[in-house]
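Here is what each chain is made of, one letter per residue.
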Amino acid sequence: MNVYDSWRIAAMLDARGMVATKDVADADIIILNTCSVREKATNKVFSELGRVRDTKKPGALFGIVGCVAREAGATAFHRIPELNFVLGPQSYHRLPQILDDPDTKLLNIDLGGLEKFDELPQMVHAPTVSYIPIQEGCNHCCTYCIVPYTRGREVSRAFDDVVRDTLHAAKNGAVEICFLGQNVNGYKYTDENGKTYRLSDLIRAAAKMPEIRRIRFTSSYPTEMTDDLIQMFATEPKLLPFLNMPIQSGSPDVLRRMNRPYSLDAYMEIIDKLRAARGDIQISSDFIVGFPGETDSDFEQTLEIARRVRYINSYSFKYSPRPHTAAATMPNQIPENIKRERLAVLDNALNEIQREFNESCVDKTLPCLCEGTDKTGRHLLYRTPYMQQCIVAKPKDDNIPTMANIKITAANRASLRGKIISD
Ligand code: 5AD
Ligand code: SF4
């Protein structure tokens, strides 16, 4: 979502005739788009802002947008008085004001708006993989998570607006669409005639666009995987056989304290249904270790579920206490060294599963999408339907197929190697 927000801000600056520079000392405006999900990222923002202040040229504007801006509000100006603007994740469309009137201090951390989606210009060239936000905010209120505070309650965008943005992306270069939302499968929009649209309707609409060859969505809440959506994996070949569906923990006790009230049986039933719909579907997850009160046996259950589901690609984090969240004041906070140990054990287990899955792909031929070249310029980077990176030698004739069937020749934990069979 942050990447998408940054695109829209960049498109606005482009439209005003500005050009990007990698050199902070050369920039007329420096904008840090920020994430506050974990404390470490938040702290980095303020040290980075201090560096920008000391490096930027006199008169250059600088500020923060996104969730750290929302969390810090006016206190950001106390910490760094030279800041020109502090704009929350739902008010960054007000940035043009600071360009029009550089002498003001702009503070806006309001919530509840979908305005930003319509106010800033769209990108002229859509990236090959284009993100399309369909809802924002979250009603789940997991006890560790700051998102409901920073991005507010769930709001779904109008069906027609999402279709319009998807079509715009398709007509301007997008080949893959990734529908985005903090709780993407909770998407629900009722139009003025009382017709209700769900994520499955959006997938169907995008699949009708000939330019769009692949569709995916992230991030899903397990118990909101409704049957209409699961069926899309059986009926819509453009929908990739890959799903990010975070479980967070394998312990029912921890899940209850996290306010994620699903049972492991219910979670596994959803996985079984998904696999029945599409035999080759692969799942990824997010995990939090060291949640308050997590015992060794709770942690063992997380390892167990990871091995049982065989997640092929996961993100795991040490629990980080966040302001405005219930878990931050829960008793039995786990010491840092135990969190660190558990994270290393979990990462090892997840890496092993990922390596085994990657190795099982060797000798298979997979339809892949080209996402660019590596740093040397000698290799092409493709993405398999399971979101693995596949490295391919660049053809001598410079014929770079956007989509290609690639035979996988080698694998390690992080990536695959392959050769183009046909496009
Ligand atoms: N501490 C650690 N990880 C967190 N996440 C969200 N909040 C926290 C927190 N307080 C993780 C969850 C979520 C991902 C985006 O970030 O795993 O799925
Ligand atoms: Fe945060 Fe995701 Fe839970 Fe919503 S469902 S509160 S975004 S972790």
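Heads up: the structure comes first, above all this text.
Below, the structure is looked at part by part.

The rules behind these values
- Residues numbered from 1 in each chain as written.
- Chains lettered and ligands numbered in written order.
- Predicted model: local features only at pLDDT ≥ 70, side-chain atom pairs only at ≥ 80, totals over all residues.
- Heavy atoms only, no water.
- Helix = DSSP H or I, 4+ residues; strand = E, 2+ residues; numbered from the N terminus.
- Polar contact = N/O pair within 3.5 Å; in protein donor to acceptor, adjacent residues only side chain to side chain.
- Near = heavy atom within 4 Å.
- Nonpolar A, V, L, I, M, F, W, Y, C, P; charged D, E, K, R; others polar.
- Pairing = 2+ DSSP bridges.
- Axes fitted to C-alpha atoms, helices over the stretch in contact; angles between N-to-C directions.
- Contact = heavy atoms within 4.5 Å.
- Salt bridge = Lys/Arg side-chain N within 4 Å of Asp/Glu carboxyl O.
- Buried < 20%, exposed > 50% of the residue type's maximum accessible area, 1.4 Å probe, protein only.
- Expected span 1.5 Å × (residues − 1).
- Arc of directions from axis to C-beta.

1. With respect to the environment of Arg322
No. 1: Residue placement: Arg322 occurs in the loop between β14 (313–318) and α14 (336–360).
No. 2: Between the C-alpha atom of Arg322 and that of Asn185, which follows or precedes it by 137 residues, the distance is 25 Å.
No. 3: Here the side chain of Arg322 touches Val37 through a polar contact of 3.4 Å, landing on its backbone oxygen.

2. Quick word on the site of ligand 2
No. 1: Ligand 2 sits among Cys138, His140, Cys141, Cys142, Tyr144, Cys145, Val147, Pro148, Tyr221 and Arg260.
No. 2: Partitioned by chemical class, the residues of the shell around ligand 2 number eight nonpolar, one polar and one charged.

3. Topic: the sheet that holds strand β13 (residues 282–289)
No. 1: The three strands lie next to each other as β12-β13-β14, forming an open sheet whose pairing is parallel. Of all the strands in the sheet, just β12 (242–244) and β14 have a single pairing partner and so form its edges. Shown here is a sheet whose adjacent strand axes are inclined to one another by a mean of 15°, direction ignored.
No. 2: When β12 meets β13, the two strands line up parallel, connected through three bridges. Residue pairing in the sheet places Asn244 in a bridge with Ser284 of β13.
No. 3: The strands that α14 touches are β13 and β14; relative to β14, the one it contacts most, it runs at about 175°.

4. Regarding the site of ligand 1
No. 1: The full set of residues close to ligand 1 is Val37, Arg38, Tyr144, Gln248, Asp286, Ile288, Phe317, Lys318, Tyr319, Ser320 and Arg322.
No. 2: Contact distances for ligand 1 include 3.0 Å between an oxygen atom and a side-chain N or O atom of Arg38.
No. 3: Between Ser320 and ligand 1, the recorded distance is 2.7 Å, taken from a backbone N or O atom to a nitrogen atom.
No. 4: Those elements giving two or more residues to the shell around ligand 1 turn out to be β13 and β14.
No. 5: Tallied by class, residues from the shell around ligand 1 come to five nonpolar, two polar and four charged.

5. Topic: the environment of Ile146
No. 1: Relative to the helices and strands, Ile146 is located in the loop between β6 (135–136) and α7 (147–150).
No. 2: Along the chain, Ile146 and Asn399 lie 253 residues apart, while their C-alpha atoms are 46 Å from each other.
No. 3: What Ile146 contacts, discounting residues up to four positions off in sequence, is Ser36, Val37, Glu71, Arg322, Pro323 and Thr325.

6. Some remarks on unusual backbone geometry
No. 1: A cis amide bond links Thr218 with the next residue in sequence, Ser219, at an omega value of 10°.
No. 2: Locating Ser219 in the fold gives a position in the loop between β11 (214–218) and α10 (227–235).
No. 3: For Cys141, which is not a glycine, the phi torsion comes out positive at approximately 55°.
No. 4: Positionally, Cys141 belongs in the loop between β6 and α7.
No. 5: Positive phi values are uncommon outside glycine, yet His324 reaches one of about 65°.
No. 6: Within the element layout of this structure, His324 appears in the loop between β14 and α14.

7. Topic: the pattern of salt bridges
No. 1: Within the structure shown, the criterion is met by 29 salt bridges.
No. 2: Between Arg216 and Glu176 there is a salt bridge, with its nearest N and O atoms 2.5 Å apart. Taken together, the residues Arg216 in strand β11 and Glu176 in strand β8 (residues 176–180) connect sequence positions 40 residues apart.
No. 3: For Arg216, a relative accessible area of 16% translates into the label buried.
No. 4: When salt bridges with common partners are traced through the structure, they connect Asp118, Arg157, Asp161, Arg164 and Asp165 into a single cluster.

8. Looking at helix α8 (residues 159–171)
No. 1: Spanning 13 residues, α8 covers 18 Å between terminal C-alpha atoms, matching the ideal 18 Å at 1.5 Å per step.
No. 2: All buried positions along α8 are accounted for by Phe159, Val162, Asp165, Thr166, Ala169 and Ala170. The buried side chains of α8 occupy one side of the element, clustering within an arc of 140° when seen end-on. Relative to its buried face, α8 has exposed residues pointing more than 90 degrees away, namely Asp160 and Lys171.
No. 3: After α8 finishes, the residue Gly173 shows a positive phi value of roughly 120°.

Scope: geometric values only; no functional claims are made or implied.
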